[in-house]
Amino acid sequence: MLSVWNALSLTRKVVVTGATVLMFAAVILMSRLAATPDLTLLYAGLEGAESGEVVAALERRGVPYEVRGGAIFVPAADRDALRMTLAGEGLPANGAGGYELLDGLSGFGTTSQMFDAAYWRAKEGELARTILAAPYVTAVRVHIAAGTANPFQRDVEASASVSVTGAGGAIDTGQARAIRYLVASAVPGLAPEDVAVVDSRAGLIGAEEEGVGPSAEDRTSALRDRVQRLVEAHVGMGNAVVEVSLDTITESEQIRERRFDPESRIVISSDTEERQEQSEDQGGGDVTVASNLPDGAAGGGSETSKSSESSTRERLNYEVSETTREVVRAPGAIRRLSVAVLVNGTLEPGPDGAPQFVPLADPEQEALRDLVASAVGYDEARGDTITIRSLRFEQAEGLGTAATEPGMFAPLRLDPMSLIQLAVLGIVALALGLFVVRPVLAGGAAAALPAPGADDDLEMPAFGMANALSGEIDDDTGGGFGGLPMLADGGGFELPGESGGGSEDPVERLRGLIDDRREEAVQILRSWLDTPEEVE
């Protein structure tokens, strides 16, 4: 190998060295990739303490793992088993401690304040565990501000706040309402409206007043689903598209009205007063006109006069009819409703045998329109519109294709990435052998020849002579051709294509020798070109 290396030129040495280093580096890299197990996600989004407990459990089991940011990766083949095993040990911890915190309290050294703090801490942990059991929640923290037992403080009410992280995004209003009622039911004296639910993505959830109906988006979605189910029950699944546009009133309005009706009156009270007077006057010794009359006419001087008087008074109090009305209109009332329904038709063979699209019949469309109008609460006076059209649906390529059958390598559970790594490793090894090792070994025999001017004699047992093909031709030597008796007189061997004594032309002999030993001749010529000229 040393002689082969010394015979190489500087350029070839650099090329061979660089190629060898690159090939070996590639082999080592691919070997590490092939030996490294395929890692998959075990847990992500855990807190520091929870992640430390999981990592410690993996180290005790000797399982290889990697921590990338806030995620823990383990071999794909062991992931499911590790999750079940760690869950059996209570890892990762699914929230703060619960009522087990009260087990560590002793009656001798625990004050009432310490017990209250531990109790509310345990209550928060139990509520967090219950909320975390919901599939739409991945993380939760509960904080309870209970009322104090100080008798000198009045009007102190309990309150609570819940911080949640949804599994697939922000939680909706209904889920937040359920959490509020859950927390309020577990804490005495806590009202649902005093519980704030804060989502990590959407902020405060359910801040609207209780009793307010769902939002316009929720109502639109509910109407769309209702019409979709109704139409697809007739035309089939996937053959109908429904869109609902709901224009709602967004402003609130309060109306107070007081109306009087003069035509309508009601007696609210009556007062009746009756008065009767009587008077009687008898004649006496008073001097009157009758005293001058004759005795016959003036007789009966004791005449008596009587008078009587009676009166009745009635007072009636009337109240005019009055109507007082107060109307409060909250946002959310429907101002206008629009429904658009697109249904697919059928394909029937035409006159030429090709499939032809046939839209839904008009009676069927009218029947669907009546059903949709009843489902959405159609009101013509309000300006509602319902549009139903039957048009052809353009199906995407490959839609509805059957599932592919498992391949022949599916039962072997071969990882495609591992197969690719092994294939690349094999290609690198093959390239190393073909383009680096083989050319070096193939040129070994030619490179073993000494350079021109070497002190050692070149032995050529095939010819039985010394200094043959040394690269120098001495014109002064005898023998007929530059001191090469083997070319001058045949040298006791026959060139290819000759018989007997061979040709007498030394040039032809040299050509035949070069053709027979082409590699040695090329190596000699190359060494001549690489040898620097001597300056005298």
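Residues numbered from 1 in each chain as written. Predicted model: local features only at pLDDT ≥ 70, side-chain atom pairs only at ≥ 80, totals over all residues. Heavy atoms only, no water.

An unreviewed UniProt entry lists the protein chain under the name Flagellar M-ring protein, with Roseivivax marinus given as the organism. Taken from UniProt, the Function (unreviewed entry) comment for the protein chain reads in full: "The M ring may be actively involved in energy transduction." Here is the UniProt Sequence similarities (unreviewed entry) comment for the protein chain, exactly as written: "Belongs to the FliF family." (UniProt positions renumbered as here; feature names shortened; annotations may be inferred.)

**Quick look at the overall build of the protein chain**
Within the protein chain one finds 13 helices and 16 strands. Burial statistics for the protein chain: of 536 residues in total, 22% are counted as buried. For the protein chain, long-range pairs separated by at least 24 residues make up 66% of all intrachain contacts whose partners lie at least 6 apart in sequence. A total of about 37,200 Å² of accessible surface is found on the protein chain, and carbon and sulfur atoms cover 53% of it. (Helix = DSSP H or I, 4+ residues; strand = E, 2+ residues; numbered from the N terminus. Buried < 20%, exposed > 50% of the residue type's maximum accessible area, 1.4 Å probe, protein only. Contact = heavy atoms within 4.5 Å. Areas by Shrake-Rupley, 256 points an atom, 1.4 Å probe, with all protein chains shown as cover.)

**Overview of the packing of aromatic side chains**
Taken as a whole and assessed by the stated rule, the structure comprises one aromatic pair. Ring plane angle 70° and centroid distance 5.2 Å describe the contact between Y119 and W120, whose orientation is recorded as edge-to-face. The ring of F73 is capped by R68, whose NZ or CZ atom sits 4.2 Å from the centre of that ring. Geometry around Y378 places R369 over its ring, the cationic atom sitting 5.6 Å from the centre. (Phe/Tyr/Trp six-rings, centres within 6.5 Å; stacked < 30°, edge-to-face > 60°. Lys NZ or Arg CZ within 6 Å of the ring centre and 35° of its normal.)

**Describing the packing of helix α5 (residues 112-132) against helix α6 (residues 173-186)**
In the contact formed by α5 and α6, the axes pass within 11 Å of each other and the chain directions differ by 150°. The handedness of the crossing between α5 and α6 comes out as right-handed. Note on element contacts: α6 touches α5 through I179, L182, V183 and A186, opposite K123, L127, T130 and I131. Taken together, the residues of the contact of α5 with α6 break down into six nonpolar, one polar and one charged. (Axes fitted to C-alpha atoms, helices over the stretch in contact; angles between N-to-C directions. Left-handed = near helix turned anticlockwise from the far one by under 90°. Nonpolar A, V, L, I, M, F, W, Y, C, P; charged D, E, K, R; others polar.)

**Overview of a nonpolar patch on the surface**
Together, V267, L316 and Y318 line one region of the surface with nonpolar side chains, adding up to about 240 Å² of accessible area. Secondary-structure assignment places L316 in strand β10 (residues 304-329). Judged by relative accessible area, which is 36%, L316 ranks as partly exposed. (Patch = residues over 30% accessible without salt bridge, like charges linked within 9 Å, V, L, I, M, F, W, Y side chains within 5 Å. Salt bridge = Lys/Arg side-chain N within 4 Å of Asp/Glu carboxyl O.)

**Considering the sheet that holds strand β14 (residues 385-390)**
Strands sit in the order β8-β11-β14 across an open sheet of three strands; the sheet is mixed. Of all the strands in the sheet, just β8 (240-248) and β14 have a single pairing partner and so form its edges. Here the strands of the sheet are splayed against their neighbours by 10° on average, with no regard to which way each runs. For strand β11 (residues 334-343) and β14, the ladder comprises six bridges, and the chain directions are parallel. (Pairing = 2+ DSSP bridges.)

**Considerations on the nonpolar core**
In this structure, I131, V140, V142, V162, I179, V183 and L190 are the most contacted members of the largest nonpolar core, which totals 22 residues. Excluding residues that lie within four positions of it along the chain, L190 makes contacts with A158, S159, A160, V183, A184 and V195. A240, V244, V343 and I386 belong to the second largest nonpolar core, which has 19 residues in total. (Core = buried A, V, L, I, M, F, W, Y, C linked by side-chain atoms within 4.5 Å.)

**A few points about the pattern of salt bridges**
Applying the stated rule across the entire model yields 15 salt bridges. The shortest N-O distance in the salt bridge between R79 and D80 comes to 3.3 Å. Among the residues examined, R79 registers a relative accessible area of 26% and is labelled partly exposed. Of the charged contacts, one joins E273 and R275 as a salt bridge, the two residues approaching to 3.7 Å between their closest N and O atoms. Relative accessible area serves as the criterion here: at 36%, E273 is assigned to the partly exposed category.

**Looking at the pairing of strand β13 (residues 355-358)**
Across four bridges, strand β12 (residues 346-349) lies against β13 in antiparallel orientation. Its bridge partner lying in β13, E348 is registered against Q356. Between the antiparallel neighbours β12 and β13 lie five residues, among them G353 with a positive phi of about 90°.

**A few points about the side chain of S338**
Here S338 shows up in strand β11. A polar contact is formed between the side chain of S338 and the side chain of T385, at a distance of 3.2 Å. Apart from residues no more than four positions distant in its own chain, S338 is found in contact with E243, V244, S245 and T385. (Polar contact = N/O pair within 3.5 Å; in protein donor to acceptor, adjacent residues only side chain to side chain.)

**Describing helix α7 (residues 216-235)**
Because each turn of an α-helix spans 3.6 residues, side chains separated by three or four positions end up pointing in the same direction. Over its 20 residues, α7 extends 28 Å from the first C-alpha to the last, a length consistent with the 28 Å expected when each residue adds 1.5 Å. The set of residues buried in α7 consists of T220, L223, V227, Q228, V231, E232 and V235. An end-on view of α7 places all buried positions within 155° of arc, on one side of the element. Every exposed residue of α7 that faces more than 90 degrees away from the buried side is listed here: R229 and A233. Summarising the contacts, the buried residues of α7 are in contact with β8, β11 and α8 (362-376). Positive phi appears at G236, one or two residues downstream of α7, with a value of about 100°. (Expected span 1.5 Å × (residues − 1). Arc of directions from axis to C-beta.)

**Topic: α5**
Compared with the 30 Å implied by 1.5 Å per residue over 21 residues, the 30 Å span of α5 between its first and last C-alpha is a close match. The inward-facing, buried residues of α5 abut β4 (137-145), β5 (159-166) and α6.

**Examining the confidence of the model for the protein chain**
Per-residue pLDDT for the protein chain has a mean of 75; in total, 70% of the residues score no lower than 70. In the model of the protein chain, strand β16 (residues 465-466) stands out as the element of lowest mean pLDDT, 40, in contrast to β14, which has the highest, 93. Here residues 444-503 is modelled with pLDDT under 50, and outside its nearest four sequence neighbours on either side it reaches 76 contacts, counting other chains as well. (pLDDT = per-residue confidence, 0-100.)

**Overview of the sheet that holds strand β3 (residues 71-75)**
Here we have three strands laid out as an open sheet, ordered β1-β3-β2, and antiparallel in their pairing. Looking at strand neighbours, the two that pair on one side only are β1 (39-44) and β2 (66-68), the edges of this open sheet. Averaged over all pairs of adjacent strands, the angle between strand axes in this sheet comes to 35°, irrespective of strand direction. Across five bridges, β1 lies against β3 in antiparallel orientation. If you follow A44 over to β3, its bridge partner there is A71. Lying on the sheet, helix α3 (residues 48-61) is in contact with β1, β2 and β3; it crosses β3 at an angle near 20°.

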